[in-house]
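Each chain, written out:
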Amino acid sequence: MYQVTIETEDGETCSFECGPSEDVISAGLRQSVILLASCRAGGCATCKGECTDGDYELINASVQALPPDEEEDGYVLLCRCFPRSDLHIVVPYTYDRISFEAVQTNWIGEIKACEKVSSNVARLLIQVLTADGSAPISLSFAPGQFVDIEIPGTHIKRSYSMASVSGDGVLEFFIRILPDGTFSKFLTNEARVGMRLNLRGPAGSFGLHENGPRSRFFVGGGTGLSPVLSMIRHMKNEGDMRPAKLFFGVNRAEELFYLEELESLRGQMPNLDVRIAVVEGAERNGVARGTVIDLLREELKSHEDEPDIYLCGPPGMIDAAFAAAAEAGVPREQVYQEKFLASG
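Here the structure is a predicted model, which is why all the values come from computation and not from measurement.

Asker: Just to check I follow, could you spell out the sheet that holds strand β9 (residues 121–129) for this structure?
Answerer: Hydrogen bonds between backbone groups are what pair the strands of a sheet, and the pairing can be parallel or antiparallel. With respect to topology, six strands assemble into an open sheet ordered β11-β10-β13-β8-β9-β12, the strand pairing being antiparallel. Both edges of this open sheet fall to β11 (157–161) and β12 (170–176), since each of them pairs with a single strand only. For this sheet the average axis-to-axis angle between neighbouring strands, irrespective of direction, equals 40 degrees. Sheet topology places β9 next to β12; seven bridges connect them, and they run antiparallel. From the neighbouring strand, R123 faces β12, where its bridge partner is F174.

Asker: Whenever I open this one, the layout of surface pockets confuses me. Can you help?
Answerer: One number sums up the size of the second largest pocket: a volume of about 650 Å³. Of all the elements in the fold, those that place two or more residues in the lining of the second largest pocket are α1 (24–30), β10 (146–150) and β13 (196–203). The element that contributes the greatest number of residues to the lining of the second largest pocket is β13, accounting for four residues. Here the lining of the second largest pocket is built from residues that sort into 16 nonpolar, seven polar and five charged. Mapping the lining of the second largest pocket onto the domain boundaries places at least three of its residues in each of domain 1 (2–97) and domain 2 (106–203).

Asker: Honestly, the packing of helix α6 (residues 292–302) against helix α7 (residues 315–327) in this entry has me stumped. Any pointers?
Answerer: Between two packed helices, what matters for the description is the angle formed by their axes and the separation of those axes. The N-to-C vectors of α6 and α7 enclose an angle of 10 degrees; their axes lie 10 Å apart at closest approach. Classified by the angle between their axes, α6 and α7 sit roughly parallel to one another. Classified by chirality, the crossing of α7 by α6 is right-handed. Together, V292, I293, L296, R297 and L300 of α6 and M317, A320, A321, A324, A325 and E327 of α7 make up the contact between the two elements.

Asker: In this structure, what is going on with the packing of aromatic side chains? I would like to understand it.
Answerer: In the structure shown here, the tally under the stated rule is 10 aromatic pairs. For the cation-ring pair, R332 lies above F322, with the distance from its terminal atom to the ring centre recorded as 4.5 Å.

Asker: Explain the environment of V24 to me, please; I cannot follow it from the model alone.
Answerer: Checked against the element boundaries, V24 lands in helix α1. For V24, a relative accessible area of 0% corresponds to the buried category. Remark: the alpha-carbon pair of V24 and L78, spanning 54 residues in sequence, is separated by 5.3 Å. Setting aside residues up to four positions removed in sequence, V24 forms contacts with V4, F16, C18, L35, L78, C81, L87 and I89.

Asker: Whenever I open this one, the nonpolar core confuses me. Can you help?
Answerer: Note on soluble globular proteins: their nonpolar side chains tend to be buried together. With 30 residues, the main nonpolar core has F218, L229, L246, F248, L272 and Y310 as its most contacted residues. Of all elements in the fold, only α4 (225–238), β15 (244–252), α5 (259–268), β16 (272–280) and β18 (308–313) reach the threshold of two or more residues within this core. Counting residues per element, this core draws most heavily on α4, which supplies six residues. For this core, the two domains that each supply at least three residues are domain 2 (106–203) and domain 3 (216–338).

Asker: Would you mind showing me how to read the pairing of strand β2 (residues 13–18) here?
Answerer: If a strand is regular, its side chains alternate between the two faces of the sheet. What you see with β2 is a clean split: C14, F16 and C18 sit on the buried side and T13, S15 and E17 on the side with no burial. Where strand β1 (residues 2–7) lies against β2, six bridges are found, and the strand directions are antiparallel. Across the sheet, the residue bridging to Q3 is E17, located in β2. The antiparallel pairing of β1 with β2 creates a hairpin that spans five residues between the two strands, and G11 there sits at a positive phi of about 85 degrees.

Asker: Teacher, can you tell me more about the UniProt feature "domain: FAD-binding FR-type" (unreviewed entry) in the protein here?
Answerer: Using the residue numbers shown here, the UniProt feature "domain: FAD-binding FR-type" (unreviewed entry) corresponds to residues 104–209. With 8% helix and 44% strand, residues 104–209 has its two end C-alpha atoms placed 25 Å apart.

Asker: Mind showing me how you'd approach the domain arrangement of the protein here?
Answerer: The figure often quoted for interface size is the accessible area lost as the parts come together. What the domain assignment reports for the protein is domain 1 (2–97), domain 2 (106–203) and domain 3 (216–338). Once you take the C-alpha centre of each, domain 1 and domain 3 turn out to be 30 Å apart.

Asker: Would you mind showing me how to read the sheet that holds β1 here?
Answerer: Reading across the sheet, the five strands line up as β2-β1-β7-β3-β5 and stay open at both edges, with mixed pairing between neighbours. The sheet terminates laterally at β2 and β5 (75–77), the two strands that pair on one side only. Each adjacent strand pair in this sheet contributes to an overall mean axis angle of 35 degrees, direction not counted. Pairing analysis gives three bridges linking strand β3 (residues 48–53) to strand β7 (residues 87–90), with the strands arranged antiparallel. By the bridge assignment for β7, D53 is matched with H88.

Asker: Would you explain the pattern of salt bridges in this entry?
Answerer: For side chains of opposite charge, pairing can occur when their charged atoms come near one another. All told, the structure shown has 24 salt bridges when counted by the stated rule. Between E172 and R233 there is a salt bridge; the shortest N-O distance is 2.7 Å. Residue E172 is located in strand β12, and its partner R233 is located in helix α4; the two are separated by 61 residues in the primary sequence. Residues K245 and E299 are paired through a salt bridge, measuring 3.6 Å at the closest nitrogen-oxygen approach. Taken together, the residues span a long stretch of sequence, with K245 in strand β15 and E299 in helix α6 at a distance of 54 residues. Of the two residues examined, K245 and E299, each falls in the buried class.

Asker: Mind showing me how you'd approach the side chain of D273 here?
Answerer: Mapped onto the elements, D273 comes out in strand β16. Within the structure, the side chain of D273 is placed 3.5 Å from the side chain of K245, a separation counted as a polar contact. Discounting residues that sit within four places of it in the chain, D273 has contacts with A244, K245, L246 and R266.

So, how was this worked out
Residues numbered from 1 in each chain as written. Predicted model: local features only at pLDDT ≥ 70, side-chain atom pairs only at ≥ 80, totals over all residues. Heavy atoms only, no water. Pairing = 2+ DSSP bridges. Helix = DSSP H or I, 4+ residues; strand = E, 2+ residues; numbered from the N terminus. Axes fitted to C-alpha atoms, helices over the stretch in contact; angles between N-to-C directions. 1 Å grid on protein atoms, 1.4 Å probe; cavity = no way out; pocket = protein on both sides within 12 Å on 5 of 7 lines; lining within 4 Å. Points joined across faces, edges and corners; volume = space filled by probe spheres on them. Nonpolar A, V, L, I, M, F, W, Y, C, P; charged D, E, K, R; others polar. Domains from an automatic or database assignment. Parallel < 35°, antiparallel > 145°, perpendicular 65-115°, else oblique. Left-handed = near helix turned anticlockwise from the far one by under 90°. Contact = heavy atoms within 4.5 Å. Phe/Tyr/Trp six-rings, centres within 6.5 Å; stacked < 30°, edge-to-face > 60°. Lys NZ or Arg CZ within 6 Å of the ring centre and 35° of its normal. Buried < 20%, exposed > 50% of the residue type's maximum accessible area, 1.4 Å probe, protein only. Core = buried A, V, L, I, M, F, W, Y, C linked by side-chain atoms within 4.5 Å. UniProt positions renumbered as here; feature names shortened; annotations may be inferred. Salt bridge = Lys/Arg side-chain N within 4 Å of Asp/Glu carboxyl O. Polar contact = N/O pair within 3.5 Å; in protein donor to acceptor, adjacent residues only side chain to side chain.

Written out as structure tokens, the structure reads:
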């Protein structure tokens with residue numbers, strides 16, 4: 001048996017034993033140390049951490065969840081990590097997000113609304129219910145996390161980040177409609193108010209970091225707006241007055257959504273600035289022509305400090321944002337991401 005030490009971003013640690021034939025997540029569960037994880041199949045990146053000491057073997061880790069450059073830098077997916085010596089692993093979340101007792105992760109949800117809000121985005125509202133489905137409850141989660149939603153009558157699940165905040169009572173999602181997407185077809189053809197479905201979660205380590213008074217930049221590409229919107233709403237509810245900027249971008253004007261709500265949020269938060277970009281289409285009031293990365297790069301040139309940057313969107317946007325941050329001298333450890341992965 002080997003000793004695995006987990007260090008959280010606030011400097012706390014916990015340790016447990018792990019045999020060479022079991023992965024770190026499973027070993028933790030066996031000893032009631034419940035680390036953040038979701039798919040447990042090496043595909044979602046929820047359990048990503050950095051191994052700073054020790055030897056291990058990675059088995060069947062998806063390159064989308066763990067790119068080769070990150071693997072070379074010592075990052076691992078804990079559900080695919082098998083120790084070959086004692087390990088010291090740093091995880092990107094605080095100690096209070098580790099649980100030491102059984103946590104309920106399976107829920108019943110009821111659709112309260114399902115509507116198209118742009119040419120390729122649907123807004124889905126789900127009320128979480130008690131285990132017997134008899135009463136509504138509020139699901140507790142950290143801003144930036146996601147849940148798995150199962151299509152009724154199937155075992156097909158998809159993961160979506162909440163745009164709402166914990167305590168709202170109803171979970172709000174923005175979901176991209178894809179022409180051949182299985183979940184997209186469900187939303188378009190089958191979903192209706194009152195329908196019940198199975199949920200699993202919450203999960204995910206993407207979330208806000210407490211790094212003092214530094215400014216926060218939030219970058220959302222398309223439906224990547226969801227988790228960063230949850231973070232901004234959390235800041236409003238907590239009375240967090242540090243400077244914040246939201247950069248929201250889409251490809252075409254007809255893909256824009258939630259603009260009135262963003263304007264309302266800006267009016268309620270004097271510390272929030274909102275910038276919107278469209279790649280194809282004429283520049284108009286409040287909407288710039290170009291990419292969301294163009295807006296980010298321009299703002300970083302004139303910004304006085306090196307902000308914390310939170311990114312959610314397609315891989316190309318994420319990579320471009322990291323490059324823009326590097327050009328502006330923002331340390332890589334101040335850039336946090338949730339990258340869209342392939343469905344299924």
